[in-house]
Amino acid sequence: MVDNVDKKTRSRMMSGIRSSNTKPEVLTRKALHRLGYRFRLDSKVGKIKPDIVLRSLKVAVFTHGCYWHQHQGCKLAYSDRDYADKWKNKFEDNQKRDQRVLNELTNQGWRVAVIWECTTREAEVFQDVIGNLDVWIKTGDSSYFESDYQKT
Ligand SMILES: [Zn+2]
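J.: Can you tell me about helix α4 (residues 88–107), naming the residues and giving the values?
T.: For α4, built from 20 residues, the straight-helix expectation of 28 Å at 1.5 Å per residue is met to within 8% by its first-to-last C-alpha distance of 29 Å. Positive phi shows up at Gly109, right after α4, with a value of about 85°.

What follows is the structure, encoded as structure tokens:
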């Protein structure tokens, strides 16, 4: 998160926690589309609204902002700590909800993938992530996929 954003921008960012069409989301959609996957926008699984739903494959894809979802060990999650203290409860709520959603989907036989924002920022890294995701979708050998944290 950028340090020098003005108050207005900041509050807009804060209110945009679950905003759709975030950049990582758009990038991931485009990449999957390019690989031949087809999906409708705004699909739901029960009450849960993953960013991308591959219904026939029972795969749900989430793109997580590293700050709001507190990506463990990621520098994007730990920037701006003074400000972050005020949002501690929000972070905890988000993390609890993420876990609950993961459990619910997995219990219903869905496979869940999480693409972290930090792994979408560089074209080469992102390409690897999407390649790995593609393999994971096709081989179907585990119920959970997470894009690798980019150590920079
Ligand atoms: Zn991250």
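Here the narrative resumes.
J.: Before we move on, could you go through unusual backbone geometry and cite the residues and values that matter?
T.: Positive phi, close to 55°, is recorded for Lys58, a residue that is not glycine. One can find Lys58 in the loop between β1 (52–54) and β2 (59–64). Even without glycine at this site, Gln70 takes up a positive phi of about 50°. Here Gln70 shows up in the loop between β2 and α3 (81–85).

J.: Describe the nonpolar core, naming the residues involved and giving the relevant values.
T.: If you look at the biggest cluster of nonpolar residues, it comprises 24 residues, and the most contacted ones within it are Ala60, Val61, Cys66 and Ala113. Secondary-structure elements contributing two or more residues to this core are β1, β2, β3 (111–116) and α5 (123–139). With 5 residues, β3 is the single largest residue contributor to this core. Non-local contacts of Cys66, meaning those with residues more than four positions away in its chain, are made with His71, Cys74, Leu76, Ala77, Trp116, Glu117 and Cys118.

J.: Tell me about helix α2 (residues 23–34), and please be specific about residues and values.
T.: With 12 residues, α2 ought to run about 16 Å at 1.5 Å a step, and its terminal C-alpha atoms sit 16 Å apart, in line with that. The set of residues buried in α2 consists of Pro24, Glu25, Thr28 and Leu32. End-on, the buried residues of α2 take up no more than an arc of 100°, which puts them together on one face. Turned more than 90 degrees from where α2 packs its buried face, Lys23, Lys30, His33 and Arg34 sit exposed. Gly36 occupies a position one or two residues after α2 and carries a positive phi of about 100°.

J.: Explain the sheet that holds strand β4 (residues 144–146) to me, and be specific about the residues and the numbers.
T.: Read from one edge of the open sheet, 4 strands run β1-β2-β3-β4, paired in mixed fashion. The outermost strands of the open sheet, each flanked by one partner alone, are β1 and β4. Neighbour to neighbour, the strand axes of the sheet diverge by 15° on average, direction disregarded. Alignment of β2 against β3, held across 6 bridges, turns out to be parallel. Residue His64 lies in a different strand from β3, and its bridge partner there is Trp116. Sitting on the sheet, α5 touches β2, β3 and β4, and the angle it makes with β3 is about 180°.

J.: Residues and numbers for the pairing of β2, please.
T.: Burial of β2 is extensive: 6 of the 6 residues sit out of reach of the surface. Of the two faces of β2, the one lined by Val59, Val61 and Thr63 and the one lined by Ala60, Phe62 and His64 are each fully buried. Strand direction decides the pairing type here: β1 and β2, joined by 3 bridges, are antiparallel. Within the sheet, the bridge partner assigned to Leu54 lies in β2 and is Val59. Between β1 and β2, which pair antiparallel one after the other, the connecting turn spans 4 residues, and Lys58 there sits at a positive phi close to 55°.

Rules used in this analysis
- Residues numbered from 1 in each chain as written.
- Predicted model: local features only at pLDDT ≥ 70, side-chain atom pairs only at ≥ 80, totals over all residues.
- Helix = DSSP H or I, 4+ residues; strand = E, 2+ residues; numbered from the N terminus.
- Expected span 1.5 Å × (residues − 1).
- Core = buried A, V, L, I, M, F, W, Y, C linked by C-beta atoms within 7 Å.
- Buried ≥ 20, exposed ≤ 12 C-beta atoms within 10 Å, placed from the backbone.
- Contact = placed C-beta atoms within 7 Å.
- Arc of directions from axis to C-beta.
- Pairing = 2+ DSSP bridges.
- Axes fitted to C-alpha atoms, helices over the stretch in contact; angles between N-to-C directions.

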